Each structure stands twice: as C-alpha cells, then as structure tokens.
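Commentary on secondary and tertiary structure
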Amino acid sequence: KKIDPAGNYSLAYYHQGNTSDSANGEYMDNRGKIGRVYRTEQYDSNNNLYSKSVNKYESFSKTNGGEFISLTRSTSGDYDGNATHKDRAETNTYDTVGNLTQKKEYGEVSAQNDGSFSDVGNDTRTTNITYAKNGTTITGYPSTETTTNSAGTKLRETRHYYDGTSLGMVTTGNETGFGLSAASGGLGAGANDMGSFKCVEIKVGSFAATTSGPLAL
C-alpha cells in the first residue's frame, strides 16, 4: 500500500507462489510467478475506487528447456468514484521460445473483477510479429510487425533488416535497415501509402540514417 500526502492510496497484489486468489485475477499461482503484480487499485482519500488493472500471467515450457512466465492478458478499468466504469483490454501471444508473436488491443470492453472480459465494439487492433531466423541459434530479432484493424485492414507494417541480409534473415543481429508503410491518414505520419515501403539504411556505428527511396513489396 502506498499513500500520498493528500491521502490517496494504491494497493498492489503480488504472486507469492502459494494459493491463487482467483476471484481477484490471480491465475494459477506458482513459484515462478513470485513477485509479479497481478492486480493494482487506485483510491482517493475517501476510499472511492478510481482505477483498477488485472494482469494474467501464464507459465509455458520452452522447446529448448526451462520455463518462461508471460503476460498473456491485461485488463484495466477507469472509475469516477462510483460503480460505473470504462474498461479496456489487451492480450499477448508468444512462441515456444518466448518471443511475442501477437499483441491484440481490444479497445473498449466489458470487464469482470477477475480480469476476464467481453468485447463490446469494433475498435480492436492486432499486431502480428514475425522473427528473423538463423537456424535455431539466434532468436528474438523482429522481422515484420503488421498492424490491422478489426476489419482486417492493414494499418501499418514495419520490416527489419539485419547484417545486410534479406528480410527474415539474421547472422549476428546488427540492424542495418528497416522499411515502413502506413495506410493513408493512418499511423505513421509521412509514410507512403500502403503498397510501397520507405527503405531506411542504418549506418552501423553512428546515429545517422539515410533514406534510399521506396522498397518494392
């Protein structure tokens, strides 16, 4: 519990590796989750709730051995001092080595106290991420990041290039270029219309970058 000079305070609930407080959003507690915050609440000095967030952590086994803990769902709500509130939510998906492969932003939702929710509109935005490959020895380098709206329309795409190689390849992990594309009037001010990319070459060892013109799809 943290209290400010005006008497407003926040509460944080932590995984402790024992029993699960499922009603308040603690999901399948275990030792690997110890110290992670699964719930926060903000109150004013009169004990009126003004915001709440619930995080769902899951445990996964890696293909190369071991276990990783990932944040798979985050739900938050804003209150105005009474029972009414506006909620929003995000979900995350990971591959078998722990890389984030999809981030889904649902916009407005109807959330329950335990963090579960139902979508209430058409404002969902989804970002899918692929990764550059070099066999199984190098992981974690994003290759493409593609964002679409609830209708499946592409809003933005980013491409990452490494070590002077082609898209989707990596040898040592130095980013040597990237491509940007955004829908007209959408994300990424100044970017080309969807269907062409602006290719930027990164000069390794400096902060300078040069634009080399459109990059064909």
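Summary of the structure given here.

How each quantity is defined
- Residues numbered from 1 in each chain as written.
- Predicted model: local features only at pLDDT ≥ 70, side-chain atom pairs only at ≥ 80, totals over all residues.
- Heavy atoms only, no water.
- Salt bridge = Lys/Arg side-chain N within 4 Å of Asp/Glu carboxyl O.
- Buried < 20%, exposed > 50% of the residue type's maximum accessible area, 1.4 Å probe, protein only.
- Helix = DSSP H or I, 4+ residues; strand = E, 2+ residues; numbered from the N terminus.
- Lys, Arg positive; Asp, Glu negative; His and termini not counted.
- Polar contact = N/O pair within 3.5 Å; in protein donor to acceptor, adjacent residues only side chain to side chain.
- Pairing = 2+ DSSP bridges.

**Topic: the pattern of salt bridges**
- For the coordinates displayed, the defined rule picks out seven salt bridges.
- Where K154 meets E157, a salt bridge forms, and the shortest distance between an N and an O atom there is 2.8 Å.
- Using a relative accessible area of 33% as the deciding quantity, one classes K154 as partly exposed.
- The salt bridge involving E157 is made with R159; its shortest N-O contact spans 3.1 Å. When sorted by exposure, E157 lands in the same class as R159, which is buried.
- Beyond isolated ion pairs, a larger network of salt bridges with shared partners links K154, E157 and R159.

**Brief notes about the environment of D4**
- Inspection of the secondary structure assignment puts D4 in the loop between β1 (2-3) and β2 (9-14).
- Note on D4: relative accessible area 34%, which makes it partly exposed.
- Separated by 41 residues in sequence, D4 and S45 place their C-alpha atoms 9.3 Å apart.

**Regarding the side chain of R73**
- Counting through the fold element by element, R73 comes out in strand β5 (residues 67-79).
- Here R73 is buried and forms no salt bridge, its nearest opposite-charge partner D114 lying at an N-O distance of 5.4 Å.
- At 3.2 Å, the side chain of R73 and the backbone oxygen of G115 are in polar contact.

**Section: the pairing of strand β9 (residues 125-131)**
- Across four bridges, strand β7 (residues 100-111) lies against β9 in antiparallel orientation. When the bridges of β9 are listed, K104 appears paired with T126.
- Alignment of β9 against strand β10 (residues 142-149), held across seven bridges, turns out to be antiparallel. Bridge pairing links N128 to T146 in β10.

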